[in-house]
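Survey of secondary and tertiary structure
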Amino acid sequence: MPRRGVIVGLIFLLAGASLQARPPRAVRPAAVGRFQSAVDTKNPIAATPESIAAGKQTYVRTCAPCHGTSGEGGPGNDLIPAAPDLTDAMWDHGSTDAAIFTNIKEGIGPDFNMTPFQDRLKDEEIWNVVNYLRTLARK
Amino acid sequence: MIAKLLKDWRAVAVATLMLLGSIVIVQAAQSGRGGRTAVAVDADDIGGVVTGSRGPEAGVWVIAETRSLPTRFIRIVVTDDQGRFVVPDLPKANYDVWVRGYGLVDSAKVKAAPGQTLALTAMPAPDKKAAAHYYPAQYWFALLQLPAKTEFPGTGAQGNGISPNIKSQGDFIRSVVNTDGCTGCHQLGNAATRTIPSGILATAKDSRDAWDHRIQAGQAGGGMSARFTQVGRARVLSMYADWTDRIKAGELPGAEPARPQGRERNVVVTLWDWADPKVYLHDAIASDKRNPTVNANGPIYGALEESGDYLAVLDPKTNTASRIPIAPRDPDTPSAADQPPAGPSPYWGDEAIWTSKTTVHSFAMDKQARVWAAGRVRRPATPAWCRAGSDHPSAKLMPINQGQRGLIMYDPKTKQTTTIDTCFTWGHVNMDANDVLWSSFGPAGIEGWFDTRIWDRTHDEKQAQGWTAFVLDYNGNGRRDDYTEPNATPDPAKDRRLNVTLYGDTPAFDGSVWGSVQGMPGGLLRLVPGSHPPETAISELYEVPWNNPKAATQGYAPRGMDVDSKGVVWTVLSSGHLASFDRRRCKVLNGPMATGQHCPEGWTLYPFPGPNYRNAVENGSADSVYYDFVDRFDMLGAGKDVPLATGNLSEGLLALIDGKIVTLRVPYPMGFFAKGIDGRIDNPNAGWKGKGVYTTIATRAPFHMEGGKGETAKVLEFQLRPDPLAK
């Protein structure tokens, strides 16, 4: 079973987001430590239709330029490296709501191709995005 | 009236200027008057002399433009040392002809037809500001004040505002200024970018806020905005705001561009409009790179990337632009139209002007003049046979779950397009001597190929394609063995896999494939496929010398690349250099000592001409050069194996001739910006007239060019004559 892809943004030269050549790993140890405090945080926003609709609106303007409007990953261009699929079950940087929230808020180093959005989005908006992302999961 | 005017010397001066500005004497072709030496023209040429207040004007451009052909047509030449010019071989039409040059403002336009000889009067610029209006973008962008070298590494939002991830001034230049940043898509420094549109200023609280709005404009706004955040948003916004504030306050370029000299005066530049005002192009192709007589006198094809689903086409024989519609195989392929602008554009408001599903990036042409385009044909999820459990030889070793662009082939004989699904993604497409296409645009760590001979025989896309990992010969035994993964500790007994993507990707003539690895410092990768590439391909990586005490010149961040007939690789660097890499000079090729920085002796760096940014100490020039091309067949007219590069801020084609960079400038419309170069020989017996080098305007914002909204991308042909008057 290959290494599984990513959430919001890990891109570019990070180890093979969609390259399916290595054994699966759940979460990298370094990543676990970084958002450990958030792992215990419960998503405070219920996944209501209103939250999901608001999350979609934020996603389309903020996330889709890299990850594609469908969430299946973007083609990349001269400014943006190809970005990973958010609709599959592969999460390199944590699959809990709290981990996804932290990755959006703080970005993913070391290169921060997944940029931090803490100055651009309020916490509530990020939670709404998390709720919307859950609806994209491939059945 | 004349006598009255003579009473006042100021009135005389005014009258003289008016006279010079408005009166151009159109002489009979046979008269020869108006110049010290007559200029001979044929029935399809326009020639003459340009004279200024101090005599003949040498090294200024004469521009002939017509909109009466099927598509707009412009031909530009340079005057010789006696101010003489010949605009050769014009299609029959009525032309506007005028003079543009450094130190001047545009002369009045004269109506002329082929066969005429003109005496044109140059208009001196009344002041430095008026003169600087015509300077290349680089001269304006060089006013940008970079953070000092001592400010790196950045100390973050609570420090100097630069991200701690930006380790050096060079990294800053790469990430936000040069081709990995803003000038990868925009010609910064032109009139549209050195000012801020009034619509943005009206709603912004200050110029920094205005830049914050500007970088979110349009469908690429999300990406532009993210890049600023990545580097240090507040600091970068302040840097750009300071730049435009100073220009608004009247600051002018500190350097003046020289007029064309020597060979630069021999150039003939021809431009044709194509495509439409809402789209932009990435690349164009004219011929088979291996044999440039293929598609002689045929159409030029253009790639619209994310902006539209057609191939732009130009027939240079009939001066006609047209379109070939293209579509993905899967109608549910994502579309750029689904991406709304992150913020309103001052040009297009909230309209999503880019609508492409296919996102065609680049091309190769084969010996049958078929066009092989890197284009999206389906949603990103790959077919099952690309994945784990497949019997495909490459998938068994490196399964792929996600890919973007496949191939779209256009056959001019049948006028049909065919989509081809590949597991991996195509970017720059190039064909080797065995008719195999190569590319590496993702997933990271993969080089892919498509054997057109197998496909022609079988039409089996699965059988015709393959891919391999990049594996360094880390144990140095000359063959591929078991390898360690990219993030694992290297094992001297094993080889080592690299997780890189190649931007440029070009087969060489010894059977190897070279590519450019972007990043800091980035490098060049050589892949030798071997007998069964999925399991035999082996790689070498040569980083650009950076922080390398053994190197004479440091550089970084390659993008475009090509290989000459001797196997020397040429690349362009964000550090403002044209660079060559000659592997034959390397003392170490592989093994544990091949650290990436192990062959500085293979590199030679040539700084691009023109001024540099303020505070810049870690680069060679403020020019931004996207791609390069080796003219192996002397299609330009400067000799075989001359490297050519796209001078996107210097506004011209840059050619390294006899160790010196020559600038073949495109003065009109201002805004030359290209991402690729091709060439063709239409008639090998016709000298300079039978061949040329082609490119296309490839800024993502053609509305930033001189002419503004409504301006389209253009095809450009460059030809170098033996002298400025050759006809």
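Residues numbered from 1 in each chain as written. Chains lettered and ligands numbered in written order. Predicted model: local features only at pLDDT ≥ 70, side-chain atom pairs only at ≥ 80, totals over all residues. Heavy atoms only, no water.

With that settled, consider the overall build of chain A. Looking only at helices and strands, one finds 6 helices and 0 strands in chain A. In chain A, the succession of α and β elements from N to C terminus is α-α-α-α-α-α. Residues classed as buried in chain A amount to 58% of the 139 residues present. In chain A, 62% of the contacts between residues at least 6 apart in sequence involve partners at least 24 apart. (Helix = DSSP H or I, 4+ residues; strand = E, 2+ residues; numbered from the N terminus. Buried < 20%, exposed > 50% of the residue type's maximum accessible area, 1.4 Å probe, protein only. Contact = heavy atoms within 4.5 Å.)

Moving on to the interface of chain A and chain B. Taken together, the contact pairs 38 residues of chain A with 53 residues of chain B. Carbon and sulfur atoms supply 49% of the area buried between chain A and chain B, which totals about 3500 Å² over both sides. For the salt bridge of Asp212 of chain B with Arg120 of chain A, the shortest nitrogen-to-oxygen distance reads 3.9 Å. For the interface between chain A and chain B, the tally reads 9 residue pairs in polar contact (both at pLDDT 80 or more). (Buried area = accessible area lost by both parts, 1.4 Å probe. Salt bridge = Lys/Arg side-chain N within 4 Å of Asp/Glu carboxyl O. Polar contact = N/O pair within 3.5 Å; in protein donor to acceptor, adjacent residues only side chain to side chain.)

Another aspect to go through is the environment of Pro667 of chain B. Residues and elements named next belong to chain B. Residue placement: Pro667 occurs in the loop between β38 (660-665) and β39 (678-681). Looking at Pro667, the relative accessible area reads 6%, which means it is buried. As for Pro667 and Phe629, which are separated by 38 residues in sequence, their C-alpha atoms are 22 Å apart. Contacts of Pro667, omitting those with residues within four sequence positions, involve Trp61, Ile76, Arg100 and Glu706.

Right, let's talk about the sheet that holds strand β18 (residues 371-376) of chain B for a bit. Residue and element names in this part refer to chain B. Pairing within the open sheet is antiparallel, and its 4 strands lie in the order β17-β18-β19-β20. In the strand order of this sheet, the two ends are held by β17 (363-365) and β20 (416-420), each with one partner. Each neighbouring strand pair of the sheet contributes to a mean axis angle of 25°, computed without reference to strand direction. When β18 meets strand β19 (residues 405-411), the two strands line up antiparallel, connected through 6 bridges. Considered in β19, the bridge of Ala373 is made with Ile408. (Pairing = 2+ DSSP bridges. Axes fitted to C-alpha atoms, helices over the stretch in contact; angles between N-to-C directions.)

Our focus in this paragraph is the confidence of the model for chain A. Interpreting fine coordinate detail is not advised for predicted regions of low pLDDT. When pLDDT is averaged along chain A, the result is 74, and 71% of the positions lie at 70 or above. Contacts from residues 1-38 of chain A, a stretch scored under 50 in pLDDT, to residues over four places away or in other chains number 129 contacts. (pLDDT = per-residue confidence, 0-100.)

Next up on the list: the pairing of strand β37 (residues 652-657) of chain B. All names here are of chain B. With respect to burial, β37 is a largely interior element, 6 of its 6 residues being buried. With 4 bridges joining them, strand β36 (residues 642-647) and β37 adopt antiparallel strand pairing. Counted as the bridge partner of Thr646 is Leu653 from β37. Judged from the 6 bridges that link them, β37 and β38 form a sheet pairing that is antiparallel. Of the residues in β38, the one forming a bridge with Leu656 is Ile661. As consecutive antiparallel partners, β37 and β38 are separated by 2 residues, and within that stretch Asp658 has a phi angle of approximately 50°, a positive value.

With that out of the way, let us pick up the packing of aromatic side chains. Residue and element names in this part refer to chain B. As enumerated under the stated definition, the model contains 36 aromatic pairs over all chains in all. With a centroid separation of 5.9 Å and an interplanar angle of 80°, the aromatic rings of Trp372 and Trp455 are classed as edge-to-face. Of this pair, Trp372 sits in strand β18 while Trp455 sits in helix α11 (residues 452-458); the two residues are 83 residues apart in sequence, bridging distant segments of the chain. Here the two residues Trp372 and Trp455 agree in accessibility, since each one is buried. What links up through ring pairs into an aromatic cluster is the set Phe141, Trp211, Phe228, Tyr240, Trp243 and Tyr613. Lys709 extends its terminal NZ or CZ atom over the ring of Trp348, reaching a point 4.3 Å from the ring centre. (Phe/Tyr/Trp six-rings, centres within 6.5 Å; stacked < 30°, edge-to-face > 60°. Lys NZ or Arg CZ within 6 Å of the ring centre and 35° of its normal.)

All names here are of chain B. In contact at an axis separation of 8 Å, helix α7 (residues 207-214) and helix α9 (residues 233-248) are set at 110° when each is read in the N-to-C sense. Relative to α9, the element α7 lies roughly perpendicular. For the pair α7 and α9, the crossing hand works out as right-handed. On α9, the residues that touch Ser207, Arg208, Trp211 and Asp212 of α7 are Arg233, Ala234, Leu237, Ser238, Tyr240, Ala241, Trp243, Thr244 and Asp245. Class assignment for the residues of the contact of α7 with α9 results in 6 nonpolar, 3 polar and 4 charged. (Parallel < 35°, antiparallel > 145°, perpendicular 65-115°, else oblique. Left-handed = near helix turned anticlockwise from the far one by under 90°. Nonpolar A, V, L, I, M, F, W, Y, C, P; charged D, E, K, R; others polar.)

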